[in-house]
Amino acid sequence: MVKKGLWIVVILALLVSIPSLIERVQVEQQNRSYEVVMPYEQFAQWPDMLEGSLDAGQALAELRENGLTSISIEPLTISDLVEDGVFERIQRSEIEHEHPEARGELPENNGQFVKLLEKDSEYIDTVEEVYNNHYAIMTEEGILPNRLHVSFHAYDDDAYLFLPYEVSLNAMPVGFDREALQLIDDAGLHIIPRLPNHFMNIHNENHYVYDMLDMLVEEYGAEALSFTGNDVVGADNPEELRTFARKAKELGLAIVTIDFNDQRGMSAFLRVGELEENVVRLFSMTLGKGREATTYVDEVEKALRGYKERNIRMLYVNPVMNFPTGMETYHHPGEALTGYTYTLEMLELLTNQLGADQAGTAQPFQSFSQPFIITLLVLAGTVAFLSLTGLALHRYLGVLAAVGALGLSALALLHVDVALKGLALLTAISGAVYAGLAVDRIKDWKQLVWQYALSAAIALTGAWLVIALLYGPTFVMKVDEFRGVKVLAAVPVLVVGFVLFASFLKKLMNEPVRYWHVVIMGLVVGVLGFYVWRTGNAALTLPYELEFRYWLESVLYVRPRTSEFLVGFPLFVLGLYLRMKNEKAAPLFITLGMLGFASMVGTFTHLHTALLVSLIRTGYGLVFGFLIGLVLIFIYRLIIRYVYPEVRKRWLG
């Protein structure tokens with residue numbers, strides 16, 4: 001009676017959360033536009049190396065025609081201007097040697113002299129304005145006792161700027177290349193600023209960086225902001241981080257997060273700026289100089305997978321970047337032309353695969369949430385589901401699970417994040433564990449099929465509740481995420497195995513340990529350890545496994561997980577058959593089958609994966625897993641009928 005009541009609560013929670021799941025699917029399906037981006041710093045190598053045969057405007061037009069939609073650009077520094085031949089660093093002694101009249105006139109305090117090689121350059125005024133802004137802030141903050149200024153000095157035909165304290169500020173950005181901005185804008189491409197964490201005193205609201213970003217928004221229509229390297233701007237200083245995040249929000253800029261590169265300070269930046277729902281995810285692709293022909297197709301495949309499976313909407317093409325070792329350069333025009341040609345082919349292939357009609361500007365996902373009453377009912381269903389799992393183990397564990405789940409639910413309602421994440425993890429584990437514990441006596445094939453469907457439904461119930469618990473765009477965009485994937489992969493196998501082998505283990509504890517015991521235990525631990533190690537995006541793969549995965553994706557659009565349709569579910573089906581035949585080996589295969597159910601629940605805990613993709617993947621896994629399980633049963637019956645009698649006669653007497 002108690003179990004029926006608990007199941008009623010669970011089913012009610014599932015029913016009332018259906019609109020929430022439908023809303024999430026609709027939000028994911030409505031945001032289909034993607035953006036293809038390239039860094040200007042890498043693009044600029046082509047017109048430089050192919051001068052006379054390819055100008056910058058022509059190159060941008062061809063790239064846009066093949067699918068490029070945006071260009072990211074980094075601000076210039078004094079070091080960049082020196083490298084570009086606008087300025088030349090020079091010592092005071094050198095100036096005085098060339099112009100003796102300068103002795104006694106030049107500033108004596110610490111700083112850097114630069115010679116103006118292009119006297120009409122717009123960057124002269126920009127540098128003066130930026131550095132004077134910096135000195136004003138330093139004086140206002142009490143860092144400098146007296147206000148400093150950039151000074152101008154001219155002797156004969158030579159002109160110089162003196163930058164106080166510039167030696168320590170040579171990596172500080174001074175502004176964007178206006179000519180490059182205009183070139184990009186004229187080509188009809190969007191502009192995405194990329195900022196390094198090299199600004200000083202940005203906690204001051206009068207800092208020039210905010211005028212710089214405002215100019216990009218107002219004059220060039222910039223809509224997104226990304227960061228270079230491994231830090232966000234202000235990552236080292238909470239006050240600077242808070243001010244910069246607030247300004248980014250005021251400017252209406254979407255924040256770009258990079259898949260597989262958790263930039264330091266990003267979580268805090270999004271949180272303090274209330275930008276957690278204004279995020280666009282980026283996937284970075286690298287051709288690599290000299291390796292284009294063998295890599296660009298693979299990179300496109302990865303990008304397509306990120307778009308359809310991980311809600312990534314910004315695809316970033318690096319022609320010659322070799323992260324993290326830094327920028328590579330072309331050594332001669334032939335290399336540059338090869339890189340340019342393959343980049344065009346890569347963009348065309350990517351656009352053809354994704355559809356040119358969807359190309360545009362990547363947008364954050366629409367905000368969505370569920371009413372408080374729905375959240376309350378989902379929490380009630382979660383408590384009931386955890387109680388049912390506990391009861392399947394022992395009635396006292398059922399009570400303990402109910403009390404613990406109620407406590408975590410109360411804390412979750414008080415917005416204690418760790419309580420909500422802990423409750424979600426326990427629910428996911430319970431889904432897989434309960435799927436194994438629900439296996440009962442099996443009399444015929446009809447019951448076998450029913451048991452397979454029942455276990456799958458129980459596991460999906462756990463997954464459903466996790467999705468309803470961790471609900472909102474922050475999870476879809478991986479700003480926030482489910483924690484404990486590896487724990488989920490291991491615990492169901494251990495718990496179900498312990499329950500099914502309890503009597504055997506009790507007997508084993510009273511016997512002396514033999515070598516074969518150690519071998520079997522080592523083998524089991526090794527297999528489980530290898531499986532847990534393989535979980536995650538950076539997992540080890542077997543030979544030809546990647547090729548097999550790509551083939552499945554090309555045929556099925558979304559591939560089922562190997563641990564489900566090739567390992568867990570087939571072994572579980574075989575275990576059910578052995579249970580039907582009352583074979584002693586049945587518990588072993590049912591236990592190994594938990595690998596499939598743990599993986600299936602884990603599929604839905606990847607909340608940044610589109611929900612429809614997870615449903616399709618799971619459907620494939622269950623169907624193919626059952627069919628392969630039937631093949632295993634057929635092989636088992638052949639072995640029992642033809643092989644085992646011969647083995648028994650020859651080696652077992």
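Up top is the structure.
Residues numbered from 1 in each chain as written. Predicted model: local features only at pLDDT ≥ 70, side-chain atom pairs only at ≥ 80, totals over all residues. Heavy atoms only, no water.

## Description of empty space enclosed by the protein
Worth spelling out the cut-off: Cavity and pocket criteria rest on a 1 Å grid covering protein atoms alone: a 1.4 Å probe that fits but cannot get out defines a cavity, protein on both sides within 12 Å along at least 5 of 7 lines defines an open pocket, and an atom within 4 Å of a point defines a lining residue. Grid points are joined across faces, edges and corners, and a volume is the space filled by probe spheres set on the points. Here the nonpolar group is Ala, Val, Leu, Ile, Met, Phe, Trp, Tyr, Cys and Pro; Asp, Glu, Lys and Arg are the charged ones; every other residue, Gly included, is treated as polar.
Counting across every chain of the model gives 1 cavity of 30 Å³ or more. Its volume calculated, the largest cavity comes out at about 40 Å³. Together, Arg24, Phe368, Ile467, Leu470, Tyr471, Gly472, Phe475, Val476 and Leu607 line the largest cavity. Here the lining of the largest cavity is composed, by residue class, of 7 nonpolar, 1 polar and 1 charged.

## Points about the packing of aromatic side chains
Keep this limit in mind: The criterion for an aromatic pair is that two Phe, Tyr or Trp rings (for Trp, the six-membered ring) have centres within 6.5 Å, with stacked assigned to planes under 30 degrees apart, edge-to-face to planes over 60 apart and tilted to the rest. Going along the chain from the N terminus, every DSSP run of H or I of four or more residues is numbered as a helix, and every run of E of two or more is numbered as a strand. For a Lys NZ or an Arg CZ to count as sitting over a ring, it must be within 6 Å of the ring centre and within 35 degrees of the ring normal.
Under the counting rule described, the total for this entry stands at 25 aromatic pairs. Summarising the aromatic geometry, the rings of Trp7 and Phe385 are spaced 6.5 Å apart at their centres and angled 75° between planes, so their arrangement reads as edge-to-face. Of this pair, Trp7 sits in helix α1 (residues 2-16) while Phe385 is found in helix α15 (residues 372-393), placing the two residues 378 residues apart along the sequence. Three or more aromatic residues link up through ring pairs in this structure, and these residues are Tyr452, Phe569, Phe572, Phe597 and Phe626. One Lys or Arg, Lys247, reaches over the ring of Tyr210 and ends 5.5 Å from the middle of that ring. Lying across the ring of Tyr396, Arg395 places its NZ or CZ 4.9 Å from the centre.

## Let's talk about unusual backbone geometry
Definition in use: The buried label applies to any residue whose accessible area, calculated with a 1.4 Å probe on protein chains only, is under 20% of its type's maximum; exposed applies above 50%, and partly exposed to all values in between.
For Asn201, which is not a glycine, the phi torsion comes out positive at approximately 60°. Within the secondary structure, Asn201 is located in the loop between β9 (190-195) and α10 (208-220). Residue Asn201 is classed as buried on the basis of its relative accessible area, which comes to 9%.

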